[in-house]
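Summary of the model geometry
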Amino acid sequence: MDKLRALNYFLKVVETSNFTQAAKAFDVPVSSMSRRIKDLESELGVELFKRSTRVVRLTEQGSLYYDEVKEAIAALSHADELVSLQTKTPSGTLRITATPGYGETCLMPVLTRFRRQYPGITLDIQLTDQVSDLTGDQIDIAIRVGVEPQDRVVSRKLSDNNFVLVASPAYLNTHGTPLNVAQLSSHRSLYYRGPNAVFYWQANVNGEWRQLNNKANIISDHGGGIVKAAVEGDGIALLPKWGIEKQLSENKLQVINLSDTEVVISRGPETGIYLLYIKPKYQIQKVKVAVDFLIRELRII
C-alpha cells in the first residue's frame with residue numbers, strides 16, 4: 001500500500017466529510033479512494049470512519065489518528081516545497097485568506113501590485129469570516145480581525161481596529177449632528193450583520209454598559225454596502241477607520257464625536273488586524289516574499 005497517498009486521501013475525506021468530493025480533489029475514482037482508506041484501516045486494525053448514505057464521520061480512533069497525522073503530513077509537504085523551491089524564482093500557488101471587509105478594501109489592491117512583482121506566483125484568495133487552521137488547512141497566510149492569537153502561529157500586527165461613528169455631510173446638514181448618546185438615539189442607523197449576529201452598538205454611559213437600540217435604517221452583511229449607504233446619506237454608521245480612509249480624506253464622510261461616551265462595536269478587549277502564518281512556511285520563498293511584501297504595504301502602526 002502507498003501509505004503516503006492513503007494518508008493524503010484520509011485527510012481530504014476528513015476535510016470534506018465526503019468520499020466523492022475527496023476523490024474529485026485528487027481526480028481519482030471514488031472506488032479507488034475508498035479502497036485505499038479500507039487498506040489503511042486494515043493496516044491499523046481500527047475503523048477510521050462511520051459511513052452512511054448522507055455523511056461520513058470520524059470514529060473516536062479516527063479523530064485521534066487525524067490529530068496526530070495532519071501536522072506530520074503538513075510538515076512533510078512544507079519540507080518538500082522548501083527544498084524544491086530554494087534555487088528557483090518564487091513560484092507556485094500561494095493561498096491567502098482574509099476577512100471579507102478588509103480583504104476587499106485593503107488586501108486586494110495591494111495584491112495587484114504583488115502580482116506584477118512576482119508573476120510566477122499564482123494567488124488563491126479566500127475572503128471569508130470562517131477561521132482556518134493554518135497547521136492543518138492548505139492556507140499559507142491568514143489576515144484576521146481580533147485579539148492577538150496565543151497559539152502556535154506567528155502573528156504580525158498590521159493595524160489597530162478602531163471604529164468611528166460617521167455620516168455624510170449631507171445627512172448631518174439635514175438631520176443635525178448628534179452631540180451626545182441621547183441625541184444619537186433619534187438618528188437613523190446603519191448596522192453590520194456578522195456571521196452569527198447583528199453588531200449593535202455598545203456604549204459605556206456613567207460607568208454602565210448599554211446597547212444602543214437605535215432605529216435601524218439598513219442592516220447588511222456587506223461592509224462595502226454599509227459604507228456606500230453612509231456616503232449616500234442613508235444614516236449614521238459605526239465603521240472601522242481602516243475601511244473609510246479614502247471617504248474621510250475626500251470629505252464624503254465625517255467623524256461624529258460624542259461628548260459623553262465613545263460608541264464601540266464590542267464590550268470586549270481592543271482588537272487589531274493581524275497577519276498570521278506558521279513559522280516553518282516562512283522558509284518557503286513564495287511565503288516569505290508575500291509576508292514581507294504585505295507587512296511592508298499594509299502595516300500602518
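Please refer to the structure higher up on the page.
Summarised in this report is the structure supplied together with it. It should be emphasised that the depicted structure is a prediction, and the values quoted were computed from it without experimental measurement.

Of regular secondary structure, the chain possesses 10 helices and 15 strands. Across its three principal axes, the chain shows a C-alpha extent of roughly 75 × 45 × 35 Å. In the chain, the proportion of contacts linking residues at least 24 apart, taken out of those at least 6 apart, comes to 74%. One finds the centroid of the 36 positive side-chain charges in the chain at a distance of 4 Å from the centroid of its 33 negative side-chain charges.

Read across the sheet, five strands follow the order S11-S8-S12-S7-S13 without closing on themselves; strand pairing throughout is mixed. This sheet does not close on itself; its edge strands, each paired only once, are strand S11 (216–220) and strand S13 (254–256). Across the sheet, the mean angle from the axis of one strand to that of its neighbour is 40°, orientation sign disregarded. Pairing between strand S8 (residues 189–192) and strand S12 (residues 236–240): two bridges, direction parallel. Within the sheet, the bridge partner assigned to Ser189 lies in S12 and is Ile236. Each of S8, S11 and S12 touches helix H8 (residues 223–231); the most contacted strand, S8, lies at about 170° to it.

The next point concerns the sheet that holds strand S3 (residues 92–98). Read from one edge of the open sheet, five strands run S4-S3-S5-S15-S6, paired in mixed fashion. The open sheet is flanked by strand S4 (121–127) and strand S6 (154–160), the only strands paired with a single partner. Taking each pair of neighbouring strands and ignoring which way they run, the sheet shows an average axis angle of 20°. In this structure, S3 lies alongside S4, joined through seven bridges in parallel fashion. By the bridge assignment, Thr97 is partnered in S4 with Gln126. Packed onto the sheet, helix H5 (residues 100–117) meets S3, S4, strand S5 (141–146), S6 and strand S15 (272–277) and runs at close to 175° relative to S4. Its contacts with the sheet put helix H10 (residues 285–298) on S3, S4, S5, S6 and S15, and the angle it makes with S3 is roughly 40°.

It is worth spelling out the packing of helix H1 (residues 3–16) against helix H3 (residues 30–44) at this point. Running from N to C, H1 and H3 cross one another at 110°; their axes reach a closest spacing of 9 Å. In terms of orientation, H1 and H3 fall into the roughly perpendicular class. Contacts between H1 and H3 pair Lys3, Arg5, Ala6, Leu7, Tyr9, Phe10 and Val13 from the former with Met33, Arg36, Ile37, Leu40 and Glu43 from the latter. Tallied by class, residues from the contact of H1 with H3 come to eight nonpolar, no polar and four charged.

Within the secondary structure layout, Trp209 lies in strand S10 (residues 208–211). Trp209 sits in the partly exposed class, given a relative accessible area of 38%. For the pair Trp209 and Arg267, spaced 58 residues apart in the sequence, the C-alpha separation amounts to 7.8 Å.

Taking burial as the measure, the five residues of S12 include five buried ones, the bulk of the element. Alternating positions in S12 separate into two faces, Ile236, Leu238 and Pro240 on one and Ala237 and Leu239 on the other, with burial throughout.

Time to look at the side chain of His187. If you trace the backbone, His187 turns up in the loop between helix H7 (181–184) and S8. On the basis of relative accessible area, His187 is assigned to the buried category, the value being 7%. Engagement of the side chain of His187 in a polar contact is seen with the side chain of Tyr171, the distance being 2.9 Å. Setting aside residues up to four positions removed in sequence, His187 forms contacts with Tyr171, His175, Gly176, Pro178, Asn214, Lys215 and Ile236.

In this model, Asp27 sits at a positive phi of 55°, which is unusual for a non-glycine residue. Take Asp27: it is sitting in the loop between helix H2 (19–26) and H3. Notably, Asn251 is not glycine yet its phi reads approximately 60°, a positive angle. Residue placement: Asn251 occurs in the loop between helix H9 (245–249) and S13.

The rules we used
Residues numbered from 1 in each chain as written. Predicted model: local features only at pLDDT ≥ 70, side-chain atom pairs only at ≥ 80, totals over all residues. Heavy atoms only, no water. Helix = DSSP H or I, 4+ residues; strand = E, 2+ residues; numbered from the N terminus. Contact = heavy atoms within 4.5 Å. Lys, Arg positive; Asp, Glu negative; His and termini not counted. Charge placed at Lys NZ, Arg CZ, Asp CG, Glu CD. Pairing = 2+ DSSP bridges. Axes fitted to C-alpha atoms, helices over the stretch in contact; angles between N-to-C directions. Parallel < 35°, antiparallel > 145°, perpendicular 65-115°, else oblique. Nonpolar A, V, L, I, M, F, W, Y, C, P; charged D, E, K, R; others polar. Buried < 20%, exposed > 50% of the residue type's maximum accessible area, 1.4 Å probe, protein only. Polar contact = N/O pair within 3.5 Å; in protein donor to acceptor, adjacent residues only side chain to side chain.

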